[in-house]
Amino acid sequence: MEKLSFLNEIVVDQRAFFKKGVLLDINYRKELLLKLKTIINQNESFLYDAIKMDFGKSAFETFATELSLIYAEIDYFLKNLNKLAKPKSVATNLANQLGKSKIYTEAYGAVLVIGAWNYPYQLSLLPAVSALAAGNTVLLKPSEIAFQSALIIEKIINENFPKEVFHVVNGGVAMATALLKIRFDKIFFTGSPQVGKIVYKAAAEYLTPVTLELGGKSPTIVTQSANLKVAARRIVWGKFLNAGQTCIAPDYIYVHHSVKKEFIEEIIKHIKAFQYTPDSENYTYIINKHHFDRLLALMDSNKIIYGGNANPDVCFIEPTIMDNVNWEDKIMQEEIFGPILPILVYQDLEEVFKTIDSNEKPLSAYIFTSDNEDKDLFVKQLSFGGACINDTIMHVSNPNLPFGGVGNSGMGSYHGKYGFDTFSHKKSVLEKRIIGEPKIKYPPYTSSKKKWIEKLI
Ligand code: NAD
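Residue numbering note: each chain is counted from 1, following its sequence as written. Reporting of local features is limited, given that this is a predicted model, to residues whose pLDDT is at least 70; pairs of side-chain atoms are given and counted only at 80 or more, and all residues count toward the totals for whole chains, interfaces and linings. Note: side-chain values were computed over all heavy atoms of the structure, leaving out hydrogens and water.

We now examine the nonpolar core. Counting residues in each nonpolar core, the largest one holds 118 residues, and the members touching the most others are Ile 157, Phe 166, Ile 221 and Phe 263. The element that contributes the greatest number of residues to this core is helix 4 (residues 59-85), accounting for 10 residues. Only heavy atoms enter the contact rule, under which two residues are in contact if any of them lie within 4.5 Å. Not counting residues within four places of it along the chain, the set of residues in contact with Ile 157 comprises Leu 36, Ile 39, Leu 125, Phe 166 and Val 168. Nonpolar cores were defined as sets of buried Ala, Val, Leu, Ile, Met, Phe, Trp, Tyr and Cys residues, with membership established by side-chain atoms within 4.5 Å. Only protein chains enter the calculation, and the probe is 1.4 Å; a residue is then buried if its accessible area is under 20% of its type maximum, exposed if over 50%, and partly exposed in between. Counting 23 residues, the second-largest nonpolar core is a separate cluster that includes Leu 7, Val 169, Ile 182 and Val 210. Counting from the N terminus, the helices are the DSSP runs of H or I reaching at least four residues and the strands are the DSSP runs of E reaching at least two.

The side chains of a regular strand alternate between both faces of the sheet. Judged by how many residues are buried, strand 9 (residues 252-256) sits mostly within the fold: 5 of 5 residues are covered. Residues of strand 9 alternate between two faces, with Tyr 252, Tyr 254 and His 256 on one and Ile 253 and Val 255 on the opposite face, all of them buried. Here strand 8 (residues 219-222) runs beside strand 9; their pairing, made up of 4 bridges, is parallel. Across the sheet, residue Val 222 finds its bridge partner in strand 9, namely Val 255. Inspection of the sheet shows strand 9 paired to strand 14 (residues 340-346) by 4 bridges, in the parallel sense. For His 256, the partnering residue across the bridge sits in strand 14 and is Tyr 346. A pair of strands counts as paired when DSSP detects no fewer than two bridges linking them.

So, about the packing of aromatic side chains. Stacked, edge-to-face and tilted labels apply to pairs of Phe, Tyr and Trp rings (six-membered ring for Trp) whose centres lie within 6.5 Å, assigned for plane angles under 30 degrees, over 60, and everything in between, in that order. Going through the model one piece at a time under the given rule, you end up with 17 aromatic pairs. Here the aromatic rings of Phe 17 and Tyr 28 are separated by 6.4 Å at their centres, their planes lie at 45 degrees, and the arrangement is tilted. Here Phe 17, found in helix 1 (residues 6-20), pairs with Tyr 28, found in helix 2 (residues 26-42); they are 11 residues apart in sequence, far enough to count as distant. Judged on exposure class, the residue Phe 17 and its partner Tyr 28 are both buried.

Here we have 6 strands laid out as an open sheet, ordered 5-4-3-6-7-17, and mixed in their pairing. Each having just a single partner strand, strand 5 (166-168) and strand 17 (410-411) make up the two edges of the open sheet. Strand direction decides the pairing type here: strand 3 (residues 110-114) and strand 6 (residues 186-190), joined by 4 bridges, are parallel. What sits directly across from Leu 112, in strand 6, is Ile 187. Helix-sheet contacts for helix 6 (residues 147-158) involve strand 4 (137-141) and strand 5, and the interaxial angle to strand 5 is about 150 degrees. The angle between two axes is taken between their N-to-C directions and runs from 0 to 180 degrees, where each axis is a line fitted to C-alpha atoms and a helix contributes only its stretch in contact. Across the sheet, helix 7 (residues 173-181) lies against strand 3, strand 4 and strand 6, angled at about 150 degrees from strand 4, the strand it touches most.

Attention now goes to the site of the ligand. Of all residues adjacent to the ligand, which total 27 residues, the nearest are Gly 115, Glu 144, Ser 192, Leu 214 and Glu 335. Pairing of N or O atoms within 3.5 Å defines a polar contact, subject to two protein rules: one partner must be a possible hydrogen donor and the other a possible acceptor, and residues neighboring in sequence count only if both atoms are side-chain atoms. At 2.6 Å from an oxygen atom of the ligand is found a side-chain nitrogen or oxygen belonging to Glu 144. Backbone polar atom of Glu 213 to a nitrogen atom of the ligand: 3.4 Å apart, as the coordinates give it. Only the protein chains shown count as cover for residues, and all accessible areas are computed by the Shrake-Rupley method using a 1.4 Å probe. Burial of the ligand by the protein chains amounts to 89% of its free accessible area of 840 Å². Secondary structure elements with two or more residues in the shell around the ligand: helix 7, strand 6 and helix 8 (193-204). A class-by-class count of the residues in the shell around the ligand yields 16 nonpolar, 7 polar and 4 charged. The cutoff for a nearby residue is simple: one of its non-hydrogen atoms must lie within 4 Å of the molecule or strand. Throughout, the ten residues Ala, Val, Leu, Ile, Met, Phe, Trp, Tyr, Cys and Pro are labelled nonpolar, Asp, Glu, Lys and Arg are labelled charged, and all others, Gly among them, are labelled polar.

To continue, consider unusual backbone geometry. Geometrically, the link from Gln 97 to Leu 98 is a cis peptide bond, its omega value of -5 degrees lying close to zero. With respect to the secondary-structure elements, Leu 98 resides in the loop between strand 1 (88-90) and strand 2 (99-107). Cis geometry is adopted by the peptide bond preceding Pro 444, which originates at Pro 443 and carries an omega value of 0 degrees. With respect to the helices and strands, Pro 444 occurs in the loop between strand 18 (424-432) and helix 15 (447-456). Here the phi dihedral of Ile 393 falls at roughly 70 degrees; this positive angle occurs in a residue that is not glycine. Mapping Ile 393 onto the fold places it in the loop between strand 16 (386-389) and strand 17.

Turning to the side chain of Thr 392, a few remarks are in order. Within the fold, Thr 392 resides in the loop between strand 16 and strand 17. According to the relative accessible area criterion, Thr 392 is buried, its value standing at 0%. In terms of polar contacts, Thr 392 uses its side chain to reach the backbone carbonyl oxygen of Arg 234, at 2.9 Å. When residues no more than four places from it in sequence are discounted, the contact partners of Thr 392 are Arg 234, Ile 235, Trp 237, Gly 238, Pro 250, Tyr 366 and Phe 368.

Below, the structure is given as structure tokens:
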């Protein structure tokens, strides 16, 4: 731990830089964002190579699910930063006349971002983009698990940004533990609920505000009125994207008993059509042997109706469907985070909602239905971070929607305006005129003053 004392110096330097006020300049922040976009763009081929080495993710998927989101977020801030950062005038109530009321946004200061490995670029850099846009300094620790991706992030950031503005440190649990001992002005964490609790406890020491982007089991419901072809296509895509290693992947399916057979046939048809073969551009390996073994241990060979093959040499697991699954099965005891799709059946949608509601609040939930009442009940009766009706995953790609969890799946949100708000304190300022103030709030108190106060408030 001794060796990690340099971390303290970085944070001291970052806070000192923040206090100089350079980051108050919106144009300076825009230059930082533009520079980030340029260097990512110039290094795209290295970014593709690194992530390919980590878990075989293709350039297509890396662009579509990582880099394009970072570019879009930067473009959003380049376009909207002036408006977002501008103080907002709000109405002043009667008791505060004659006065003016304004809300100023103020950056927190020195921010720590801790990333997860499954989308190593966007989960590290999107929060950094929002933090810089809001005028903070950033110290970023990507996940050590996607090792090559973390190295290339460190290289391109540290070679191109002043250390006191934006810096990357790499390392595992020891590094994260050392960072969490330092006082930051805001911590943004992406990862598991278990580690989220460690981060939250560490932040409490200094009352540091936190955003926790966590995970959990995201349910997917297929009702009898669903368009089964469309449902199967969108579920297969969302589940097997990144080989299921997506925090908002459909974790398990609840399908109405009357359409189960046809639905499973459609699922299998789409898995075959999408050609999830080893070494193809269409599929990803499991990140490491630990997760490979964990996933194999979740499978019950008696319940596998499709797939189940695996190659430990390259950590490949075939898209796998398990049927007749119930809540006692191992696969239902934890977030799967891999390419195994358990199918449960239901008769009564209200019962499904009750079961989901009796578990931890999910990061995402999905329903496929053409019945407006089902849609309405789904939104009203379930608590979740975000959802799609008749799709999976895609809500994450709309920058006008806040992205984040609730309860065990996280707290706070980001993307677009919500990212800016996450990294800003809203400072309320009431400016009073010197004249025009009724004296009724001042002692000595009288019953007639009280009557006036009652009327005014
Ligand atoms: P993780 O919690 O194991 O690790 C996340 C980060 O925490 C890494 O940088 C790691 O170095 C650090 N860390 C690990 N152990 C630590 C400890 N004891 N003390 C301090 N820091 C520690 O999560 P992961 O395996 O990288 O990611 C998988 C989890 O993250 C899943 O639950 C998934 O759903 C969730 N996730 C959530 C989102 C989201 O946006 N909400 C996105 C991706 C992943």
